[in-house]
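Structural overview for review
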Amino acid sequence: MSTAAPPHKAAPPRTAAERRGRSGGRLSNGAFALLLTAPGLALFATIIIYPLISALFTGFFKQDLRLPGREFVGLENFAHWLDGDFLTILKQTMIFTVGATIFPFVIGFALALALNSGLKGSGFLRGLFLFPWVIPGVVVSFLWMWIFNANYGVLNGILMKAGIIEESISWLGQPGTAMLAVIITKTWASFPWMMVMLLAGLQTVPKELHEAAAMDGAGAVRRFFAVTWPQVRGVASIVLLLEFIWNFQHFDTIYVLTGGGPAGSTETFATAVYQTAFKGFDIGRATALGGLWMLLLLLLVVVYIRITERKGDA
């Protein structure tokens, strides 16, 4: 006669402490990821977030670098710029930014097309054209300052010998030519990297598309607009927008060549903030202008992110 097995008794639920003991005290994935990123986040907050917030907060105070203390003035510093020279500085910044973006793009694209066409000695020329890009910006500025010099500049010497001008022109000393001289200098320094990026885009275009278009009777110009441009349009838009953002905040070329002059004709946001803070010692107004400048830059960054996201989804 068999006896029935005793009923199985369910184990009592484990406590939280027992569960932690079983798991060996391991962190969750989220906590472990936070632990890994904590040093970087702390460094980012220390050198980026805190100075940025502190600087923006300073824009609401009247503060002189030569005097201790500061006085809260609310929106007075911002109103000073918006009611004053803000639109003039914005216009001159845009003139420089557009000129220093379009000119090197056209030159870089033309050279990229030439190098991509199998031009003889293209490898040597590619390295030669990169030369202006590897020179520091301040050195480039001093080089072109010598070229534009009114007394012994190379440009005036060449133009006078060619009979184009009869007397020396002060390229950097008069409002009518100073901005053009600055844009030319920045163009010479910027076209190489645009050329490299566009050349990389051109080399991804399948040769079969060009061959098929040529067999259909398409000429060089038609092949460019029907085959080449649609393939490199995404790269070109990114290159243009990046260069535009960089030029919108460019400082060294303008400051070395003209310092924002003559008569403020080449003054941009970068030089105006510097002059206000370190020449006028008015850190409050300089910070207020910097805050307005930052808002405009944020708009450009948003446009850049939108374009890159669309390119990634395509």
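Our subject is the structure that appears above.
Residues numbered from 1 in each chain as written. Predicted model: local features only at pLDDT ≥ 70, side-chain atom pairs only at ≥ 80, totals over all residues. Heavy atoms only, no water.

1. Things to note about the overall build of the protein chain
Convention followed: Only DSSP runs of H or I with at least four residues qualify as helices, and only runs of E with at least two residues qualify as strands; both kinds are numbered from the N terminus onward. Here the globule rule is a power law, 2.2 Å times the number of residues to the power 0.38, and the radius of gyration is based on C-alpha atoms. Buried, partly exposed and exposed residues are distinguished by accessible area as a fraction of the type maximum, computed with a 1.4 Å probe on protein chains only: under 20%, between the cut-offs, and over 50%, respectively. Throughout, the Shrake-Rupley method with a 1.4 Å probe supplies accessible areas, and for residues the shown protein chains are the sole cover considered. When charges are counted, neither His nor the chain ends are considered; positive counts come from Lys and Arg and negative counts from Asp and Glu. Taken as the charge centre is NZ of Lys, CZ of Arg, CG of Asp or CD of Glu, depending on the residue.
Regarding its fold elements, the protein chain presents 14 helices and two strands. Whereas a compact globule of 314 residues would reach a radius of gyration of roughly 20 Å, the protein chain reaches 30 Å, over 25% beyond that. When its C-alpha atoms are laid out on the principal axes, the protein chain stretches across 130 × 75 × 30 Å. The buried share of the protein chain, taken over its 314 residues, is 33%. A total of about 19400 Å² of accessible surface is found on the protein chain, and carbon and sulfur atoms cover 67% of it. One finds the centroid of the 23 positive side-chain charges in the protein chain at a distance of 15 Å from the centroid of its 17 negative side-chain charges.

2. Quick notes on the environment of methionine 294
The test is simple: Contacts: residue pairs with any heavy atoms within 4.5 Å of one another.
Its place among the elements puts methionine 294 in helix H14 (residues 283–313). With relative accessibility at 24%, the residue methionine 294 sits in the partly exposed group. In this structure the C-alpha to C-alpha distance between methionine 294 and glutamine 249, which are 45 residues apart in sequence, comes to 9.4 Å. Apart from the residues within four sequence positions on either side, methionine 294 is in contact with Leu52 and Leu56.

3. Here we look at helix H9 (residues 175–202)
As a reminder, the rule being used: A helix is expected to reach a length of 1.5 Å times the quantity of its residues less one. Bending is quantified residue by residue as the angle between axes fitted to the seven-residue window ending at that residue and the seven-residue window starting at it.
If you check H9, its first and last C-alpha atoms are 39 Å apart, about what 28 residues at 1.5 Å a residue would give, namely 40 Å. At serine 190, H9 shows its strongest bend, of approximately 35 degrees, with the proline proline 192 following within four residues.

4. A closer look at the nonpolar core
The cut-off we apply is this: Within this scheme, the nonpolar core is defined by two criteria: the residues are buried Ala, Val, Leu, Ile, Met, Phe, Trp, Tyr or Cys, and they are joined through side-chain atoms within 4.5 Å.
Ranked by size, the top nonpolar core spans 21 residues in total, and within it Trp81, Phe248, Phe269, Leu289 and Trp293 carry the most contacts. Of all the secondary-structure elements, those providing two or more residues to this core are helix H3 (76–82), helix H4 (86–116), helix H11 (220–248), helix H13 (269–279) and H14. Per-element tally for this core: the top contributor is H14, with eight residues. Setting aside residues no more than four positions away along its own chain, tryptophan 293 makes contact with Phe248, Gln249, Phe269, Ala270 and Val273. By size, the runner-up hydrophobic cluster in this structure holds 20 residues, among which are Met194, Ala213, Phe224 and Val227.

5. Details of the pattern of salt bridges
Definition in use: Salt bridges are defined by distance alone: a side-chain nitrogen of Lys or Arg within 4 Å of a carboxyl oxygen of Asp or Glu.
For the structure on display, the rule yields three salt bridges. The closest approach of N and O atoms between glutamate 243 and lysine 186, which form a salt bridge, is 3.3 Å. Here glutamate 243, found in helix H11, pairs with lysine 186, found in helix H9; they are 57 residues apart in sequence, far enough to count as distant. For the pair glutamate 243 and lysine 186, a shared accessibility class is recorded, and that class is buried. Ionic pairing is found between arginine 285 and aspartate 282, a salt bridge with its closest N-O pair at 3.7 Å.

6. Regarding a nonpolar patch on the surface
Note the following rule: Only residues above 30% relative accessible area that lack a salt bridge enter a patch, with like-charged residues linked at up to 9 Å and the nonpolar side chains Val, Leu, Ile, Met, Phe, Trp and Tyr linked at up to 5 Å.
A surface patch of nonpolar side chains, amounting to about 560 Å² of accessible area, comprises Leu43, Phe44, Ile47, Ile48, Ile49 and Ile53. The topology assignment puts isoleucine 47 in helix H2 (residues 29–58).

7. Some details on the packing of aromatic side chains
Condition: Stacked, tilted and edge-to-face are the three classes assigned to paired rings of Phe, Tyr and Trp, where Trp is represented by its six-membered ring and a pair needs centres within 6.5 Å; plane angles under 30 degrees give stacked, over 60 edge-to-face, the rest tilted. For a ring to carry a charge above it, either NZ of a lysine or CZ of an arginine must fall within 6 Å of the ring centroid while also lying within 35 degrees of the normal to the ring plane.
For the structure shown, the criterion picks out 20 aromatic pairs. Aromatic side chains phenylalanine 224 and phenylalanine 225 sit 5.0 Å apart centroid to centroid with 85 degrees between the ring planes, which places their arrangement in the edge-to-face category. Judged by centre distance (5.1 Å) and plane angle (15 degrees), the ring pair of phenylalanine 251 and tyrosine 255 falls under stacked. By the ring-pair criterion, three or more aromatic residues cluster together here, those being Phe86, Phe244, Phe248, Phe269 and Trp293. Over the aromatic face of phenylalanine 61 sits the side chain of arginine 70, whose NZ or CZ is 4.2 Å from the ring centroid.

8. Topic: the side chain of threonine 276
Residue placement: threonine 276 occurs in helix H13. Relative accessible area serves as the criterion here: at 16%, threonine 276 is assigned to the buried category. Residues in contact with threonine 276, not counting those within four places in the same chain, are Trp81, Phe281, Asp282, Arg285 and Ala286.

9. Some thoughts on the packing of H9 against H11
How we decide: For helices, the axis comes from a line fit to the C-alpha atoms of the stretch in contact; other axes are also lines fit to C-alpha atoms, and the angle between any two N-to-C directions lies between 0 and 180 degrees. Geometric relationships in this document are graded by angle, where less than 35 degrees denotes roughly parallel, more than 145 denotes roughly antiparallel, 65 to 115 denotes roughly perpendicular, and other angles denote oblique. In this scheme the handedness of a crossing depends on how the near helix is turned from the far one: anticlockwise by less than a right angle means left-handed, clockwise means right-handed. By the convention adopted, Pro, Cys, Tyr, Trp, Phe, Met, Ile, Leu, Val and Ala count as nonpolar, Lys, Arg, Asp and Glu as charged, and the other residues, Gly among them, as polar.
Direction vectors running N to C along H9 and H11 enclose 150 degrees, while the axes themselves pass 10 Å from each other. Viewed along their axes, H9 and H11 adopt a mutual orientation that is roughly antiparallel. When you trace H9 past H11, the crossing you get is right-handed. Here Lys186, Ser190, Trp193, Met194, Met197, Leu198, Gly201 and Leu202 of H9 come into contact with H11, specifically with Thr228, Val232, Val235, Ala236, Val239, Leu240, Leu242, Glu243, Trp246 and Asn247. Across the contact of H9 with H11, the residue classes tally to twelve nonpolar, four polar and two charged.

10. Quick look at unusual backbone geometry
A cis amide bond, omega -5 degrees, links glycine 261 with the succeeding residue proline 262. By the secondary structure assignment, proline 262 is in the loop between helix H12 (252–257) and H13. You will see that alanine 263, though not glycine, has its phi angle at about 55 degrees, which is positive. With respect to the secondary-structure elements, alanine 263 resides in the loop between H12 and H13. For alanine 263, a relative accessible area of 81% puts it in the exposed group. Notably, phenylalanine 281 is not glycine yet its phi reads approximately 60 degrees, a positive angle.

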